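# Summary of structural features
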Amino acid sequence: MWYNEFWLGKHGDAGDAGNVAQQSFTRCREDEVMKISAIFPVIQDPKAEVLLVHCLDPRFEWAWIGLPEALGLEPGESATISIAGGPLPLAYPEDCRSRAKQTAQQLLFARDKFSRVKQCILFTHDDCAYYCTIPCHRTGREDLALAGSLAKSLLPHWEIKLQHVTLFDQGRQIRFDEIAISEKIIKPPAYWFKHHKLVHTP
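The rules we used
Residues numbered from 1 in each chain as written. Predicted model: local features only at pLDDT ≥ 70, side-chain atom pairs only at ≥ 80, totals over all residues. Heavy atoms only, no water. Pairing = 2+ DSSP bridges. Helix = DSSP H or I, 4+ residues; strand = E, 2+ residues; numbered from the N terminus. Salt bridge = Lys/Arg side-chain N within 4 Å of Asp/Glu carboxyl O. Buried < 20%, exposed > 50% of the residue type's maximum accessible area, 1.4 Å probe, protein only. Core = buried A, V, L, I, M, F, W, Y, C linked by side-chain atoms within 4.5 Å. pLDDT = per-residue confidence, 0-100. Contact = heavy atoms within 4.5 Å.

### What to know about the pairing of strand β7 (residues 173–179)
Residues in a regular strand project their side chains so that they alternate between the two faces of the sheet. In the sheet, strand β6 (residues 159–168) pairs with β7 via seven bridges, with the strands oriented antiparallel. Across the sheet, the residue bridging to Leu 167 is Ile 174, located in β7. In sequence, β6 turns back onto β7 through a hairpin of four residues, with Asp 169 there showing a positive phi of about 55 degrees.

### A word on the pattern of salt bridges
Overall, the coordinates contain twelve salt bridges when judged by the stated rule. When the shortest N-O distance is used, the salt bridge between Lys 161 and Glu 159 registers 3.5 Å. Taking the relative accessible area as the measure of exposure, Glu 159 reaches 38% and is therefore partly exposed. The residue Asp 169 makes a salt bridge to Arg 172 at a minimum N-O spacing of 3.1 Å. Exposure remark for Asp 169: the relative accessible area of 33% places this residue in the partly exposed category. With relative accessibility at 58%, the residue Arg 172 sits in the exposed group. Members of the salt-bridge network, linked through shared partners, are Asp 57, Arg 59 and Asp 127.

### Here's the deal with the nonpolar core
Among the nonpolar cores identified, the biggest contains 37 residues, and Leu 51, Leu 107, Cys 120, Leu 122, Leu 154 and Ile 160 are the most heavily contacted of them. Residue assignment for this core shows that the elements contributing at least two residues are β3 (50–54), β4 (78–82), α4 (97–113), β5 (119–125), α5 (140–154) and β6. In terms of residue count, the dominant contributor to this core is α5 (seven residues). Ranked by size, the runner-up nonpolar core spans ten residues in total, among them Val 50, Leu 52, Trp 64 and Val 165.

### Regarding the confidence of the model for the chain
Averaged over every residue, the pLDDT of the chain is 84; the share at 70 or more is 80%. Contacts from residues 1–12, a stretch scored under 50 in pLDDT, to residues over four places away or in other chains number 21 contacts. Scored below 50 in pLDDT, residues 20–25 shows ten contacts in the model against residues more than four places distant or in partner chains.

Spelled out as structure tokens, the structure:
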């Protein structure tokens, strides 16, 4: 897989990734400056076609790294929004007002920045710690369906896909389960537009 080859070269399998990364930089202390000695190529003329929105939970880092290739995408053909809770705030536009609006702003910025993108895939996952910040919350799957409804209202010309990351094998592996968008239509709340534009354009 391209990401293994890129990171590891001839250093071994994916299990060696941590060792390779560890050797590439010196951790900073109070009296030191972090030095990152690794050099990475820049993707020239990227053409992002798919937007991926997922949580920043580090347990799933290998999945997030390998996701574009698993979707048949080459480097530069996807853009990623990685934030705490992923798209979950979109399911709570009234209970999590500022967070829901900020997530929506990220989606609309991507729409305006990446003109070739016509598909957005939203991801939630089991055992999400972000739920501790949302009182009286529902389940990840139900919230993903509702978040998808609001995303579709924001991006009516995009294809919105939903995937829930399910833990199995006692939490050692994951699988992706496709979720349908909720039949309940959720539109952007009026307060998002009352005083300021949802997205400020120059």
